[in-house]
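An overview of the molecular structure
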Amino acid sequence: MTTIGFIGSGNIGGTVARLAVESGHDVVLSNSRGPETLVDLVQRLGDHARAATADEAAAEGDLVVVSVPLKAVDDLPAESLAGKVVMDTVNYYPERDGHVAELDDESTTTSELVARRLTGARVVKVFSNIAAPALDTLGRPAGAADRTALPIAGDDDEAKQVVLGFLDEIGYDGLDVGVLAEGWRFQRDTAAYATPYFGPGGREDPRPVSADELRTRLGEAVRYRDMSG
Ligand SMILES: NC(=O)c1ccc[n+]([C@@H]2O[C@H](COP(=O)([O-])OP(=O)(O)OC[C@H]3O[C@@H](n4cnc5c(N)ncnc54)[C@H](OP(=O)(O)O)[C@@H]3O)[C@@H](O)[C@H]2O)c1
């Protein structure tokens, strides 16, 4: 059994926490408002869940999910995350997060920004391209014909293996897209972002996506800077 820490316990953090508990892990949840505001979620998740501060969740997690708005990245407890495998779900929505010049001109990627902020953390980009309702329902046992694949990216091969193992435990195949700088291939508005997992009814009607289909979608990714002029 592993302890998974959560910094951010909303749509995605809360969903990954449920999947983690159901696959036999302990979870330590945190948010910005304090552990007392997570009582309902902890109750729903049961005995293997508890709430703490973000610093405690970082320190206690063998693996830590960071699932906050990009604008909150500067608040992350970097010291406690040093050396940890960090699963980064963060996306960039300028209307929510404010404009970041390096992301607007695509000279860097969201996960590289997170990694730069978290010196020494072993950041792996994962769960960022799938909407919470799909992540909530598409998990399947290993070997199932309709198992869904999720892309990952990271600079630390060992950390990526750990994350692939975690994905397998919670019901997903992982597809390694490469180093963090390659994470743009499944950032917002690329062909592999969110929509592959939408069925005919859209976001609330998830459909499985195989590794082969995901590979095709990733291959269709185009950088916006390459589309202009
Ligand atoms: N929703 C999706 O389907 C989806 C899919 C893939 C990726 N993402 C990305 O994943 C991230 C989380 O998305 P979400 O939809 O789960 O958001 P959400 O439901 O709004 O949850 C955000 C969580 O982050 C916490 N938080 C905010 N600022 C914090 C801080 N300074 N320190 C600690 N915790 C903080 C919030 O706590 P409080 O509520 O206490 O402020 C909340 O628990 C975003 O970057 C999003 O773009 C979302």
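Residues numbered from 1 in each chain as written. Predicted model: local features only at pLDDT ≥ 70, side-chain atom pairs only at ≥ 80, totals over all residues. Heavy atoms only, no water.

With respect to the overall build of the protein chain
Looking only at helices and strands, one finds eleven helices and ten strands in the protein chain. In terms of overall dimensions, the protein chain is globule-like: its C-alpha atoms have a radius of gyration of 17 Å, near the 17 Å expected for 229 residues. Over its C-alpha atoms, taken along the principal directions, the protein chain stretches across nearly 55 × 40 × 35 Å. Out of the 229 residues belonging to the protein chain, those deemed buried represent 52%. Total accessible area on the protein chain stands at roughly 10200 Å², and carbon and sulfur atoms take up 48% of it. One way to put it: in the protein chain the 22 positive side-chain charges average out to a point 3 Å from where the 38 negative ones average out. (Helix = DSSP H or I, 4+ residues; strand = E, 2+ residues; numbered from the N terminus. Rg over C-alpha atoms; globule rule 2.2 N^0.38 Å. Buried < 20%, exposed > 50% of the residue type's maximum accessible area, 1.4 Å probe, protein only. Areas by Shrake-Rupley, 256 points an atom, 1.4 Å probe, with all protein chains shown as cover. Lys, Arg positive; Asp, Glu negative; His and termini not counted. Charge placed at Lys NZ, Arg CZ, Asp CG, Glu CD.)

A word on the sheet that holds strand β6 (residues 122-125)
Here we have eight strands laid out as an open sheet, ordered β3-β2-β1-β4-β5-β6-β7-β8, and mixed in their pairing. Both edges of this open sheet fall to β3 (49-51) and β8 (173-178), since each of them pairs with a single strand only. Geometrically, the sheet is characterised by an average inter-axis angle of 25° between neighbouring strands, direction not taken into account. Taken together, the three bridges between strand β2 (residues 26-30) and β3 define a ladder with parallel strand orientation. When the sheet's bridge partners are listed, Val-28 is paired in β3 with Arg-50. (Pairing = 2+ DSSP bridges. Axes fitted to C-alpha atoms, helices over the stretch in contact; angles between N-to-C directions.)

Some thoughts on the pairing of β6
Note that strand β5 (residues 85-88) and β6 share four bridges and pair parallel. By the bridge assignment for β6, Val-86 is matched with Val-123. One ladder, built from two bridges, connects β6 with strand β7 (residues 149-154); its direction is antiparallel. By the bridge assignment, Val-124 is partnered in β7 with Gly-154.

Quick word on the pattern of salt bridges
Should the charged atoms of two oppositely charged side chains come close, the side chains can pair. Applying the stated rule across the entire model yields 19 salt bridges. Put simply, Asp-136 and Arg-18 hold a salt bridge, and the shortest N to O gap is 2.7 Å. A residue pair is termed long-range when its members are at least 10 positions apart, and Asp-136 in helix α8 (residues 132-137) and Arg-18 in helix α1 (residues 11-22) qualify at 118 residues. According to the relative accessible area criterion, Asp-136 is partly exposed, its value standing at 34%. Through salt bridges with shared partners, a single network forms among Arg-18, Glu-22 and Asp-136. (Salt bridge = Lys/Arg side-chain N within 4 Å of Asp/Glu carboxyl O.)

Some remarks on the site of the ligand
Within the structure, the ligand sits among 24 residues, and Ile-12, Ser-32, Arg-33, Val-68 and Thr-89 are positioned closest to it. At 2.6 Å from an oxygen atom of the ligand is found a side-chain nitrogen or oxygen belonging to Arg-33. The side chain of Arg-96 places a nitrogen or oxygen atom 3.2 Å from an oxygen atom of the ligand. Notes on the ligand: free accessible area 900 Å², of which the protein chains cover 80%. Of the residues contributing to the shell around the ligand, the split by class is ten nonpolar, ten polar and four charged. (Near = heavy atom within 4 Å. Polar contact = N/O pair within 3.5 Å; in protein donor to acceptor, adjacent residues only side chain to side chain. Nonpolar A, V, L, I, M, F, W, Y, C, P; charged D, E, K, R; others polar.)

A word on the pairing of strand β1 (residues 3-7)
Successive residues of a regular strand alternate their side chains across the two faces of the sheet. Counting buried residues along β1, five of its five residues qualify, which places the element largely inside the surrounding structure. Of the two faces of β1, the one lined by Thr-3, Gly-5 and Ile-7 and the one lined by Ile-4 and Phe-6 are each fully buried. Considered for its hand, the β-α-β crossover made up of β1, α1 and β2 is right-handed. (Right-handed = clockwise from strand over helix to strand, strands pointing away.)

That is the geometry; function is a separate question.
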